[in-house]
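In case you want the letters, here they are:
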Amino acid sequence: RELTVMLLIDVSGSRDFGTFENMKKNIITEISAVLSFSAIQNNDKIGVIFFTDKIEKFIPPKKGKSHILRIIRELIDFQPEEKGTDITAAIRYLTNAIKKRCTTFLISDFMDDNKELEMALSIANNKHDIVALKIYDERETTLPSIGMIKLKDAETGKYVWVDSSSRKTREIYSDWWIKHLGQLDRMFKKCGVDYASINTNEDYVKSLMNLFKKRALK
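Here is what the cut-offs are and how they apply
- Residues numbered from 1 in each chain as written.
- Predicted model: local features only at pLDDT ≥ 70, side-chain atom pairs only at ≥ 80, totals over all residues.
- Heavy atoms only, no water.
- Helix = DSSP H or I, 4+ residues; strand = E, 2+ residues; numbered from the N terminus.
- Buried < 20%, exposed > 50% of the residue type's maximum accessible area, 1.4 Å probe, protein only.
- Expected span 1.5 Å × (residues − 1).
- Contact = heavy atoms within 4.5 Å.
- 1 Å grid on protein atoms, 1.4 Å probe; cavity = no way out; pocket = protein on both sides within 12 Å on 5 of 7 lines; lining within 4 Å.
- Points joined across faces, edges and corners; volume = space filled by probe spheres on them.

Asks: Explain unusual backbone geometry to me, please; I cannot follow it from the model alone.
Replies: Leave glycine aside and you will find that most residues have negative phi; peptide bonds, for their part, are mostly trans. The phi angle at Asn43 is positive, at roughly 65°, despite the residue not being glycine. With respect to the helices and strands, Asn43 occurs in the loop between α1 (24–41) and β2 (45–51). Accessibility expressed as a relative area gives 37% for Asn43, which makes it partly exposed. At Phe110, a position not held by glycine, the phi torsion is positive, near 55°. Along the chain, Phe110 falls in the loop between β4 (103–108) and α4 (117–127). When its relative accessible area of 1% is taken as the criterion, Phe110 is described as buried.

Below is the structure:
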């Protein structure tokens with residue numbers, strides 16, 4: 001059957017990070033392109049919403065080769081105006097903009113602590129079929145012990161000095177990451193949202209295939 005597929009793509013500043021061959025934004029672009037071509041092969045309509053802490057660009061869902069080529073060009077060349085993240089606002093925009101039920105892939109690193117996200121996600125998933133893809137870099141999971149380091153927040157531009165040689169500091173960071181993952185896991189399950197976590201250093205095709213196999217069993 002013909003479906004409508006929407007890509008809700010995070011283009012905030014935090015995607016410009018990577019310690020291996022690929023940065024997060026490269027993986028986001030590749031996955032988005034794969035999903036776009038898949039939709040066209042299935043004769044589905046596909047649209048895109050690029051977001052930061054505002055809606056950067058909305059491409060309404062359509063069919064056709066020229067449409068998919070436009071999406072691919074935008075995926076490669078698009079430059080956002082802002083650097084912050086507001087996933088909640090993007091989900092609410094989707095809910096209001098797309099009237100008919102669609103399958104939406106929410107692709108982000110989920111570096112957003114908006115407390116209203118769970119409610120917005122739950123409402124959107126009642127209307128649409130939301131699939132969340134969390135993109136992360138392995139270096140984000142732990143803080144290496146390399147002494148004093150100067151870190152920059154990619155979204156605010158602020159700098160902070162961190163003593164990474166401090167065992168306590170590394171433990172605090174590690175605990176934060178574990179808590180962050182746990183909160184996301186609980187939120188997605190509570191909202192009934194299928195999701196996958198994809199490492200920039202791993203084969204994302206395998207992760208996507210495992211996700212789709214789980215969805216097929218429902």
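Anyway, onward from the coordinates.
Asks: Looking at this structure, I do not really get helix α5 (residues 167–191). What am I missing?
Replies: Each α-helix winds once per 3.6 residues, and so residues spaced three or four apart point in a common direction. Between its first and last C-alpha atoms α5 spans 36 Å; for 25 residues at 1.5 Å apiece the expected length is 36 Å, and the two agree. Taken together, the buried positions of α5 are Trp177, His180, Gly182, Leu184, Met187, Phe188 and Cys191. Where α5 is buried, its residues meet α4, β5 (129–136) and β8 (194–199). With its phi angle positive at about 75°, Gly192 sits one or two positions after the end of α5.

Asks: Teacher, can you tell me more about the layout of surface pockets here?
Replies: Vacant regions in the atomic arrangement are exposed by a probe of water-molecule size rolled over the atoms. Put simply, the largest pocket is a space of about 1500 Å³. The wall of the largest pocket is formed by 41 residues, among which Met111, Glu140, Asp153, Tyr173 and Trp176 lie closest to the centre. Among the secondary structure elements, those contributing two or more residues to the lining of the largest pocket are α4, β6 (148–152), β7 (159–163) and α5. In terms of residue count, α5 provides more of the lining of the largest pocket than any other element does, eight residues in total. The space that makes up the second largest pocket amounts to roughly 430 Å³. Around the second largest pocket, the lining is made up of 17 residues, and of these Leu35, Ser38, Asn42, Phe105 and Phe212 lie nearest the centre. Secondary structure elements with two or more residues in the lining of the second largest pocket: α1, β4 and α6 (204–216). In terms of residue count, α6 provides more of the lining of the second largest pocket than any other element does, six residues in total.

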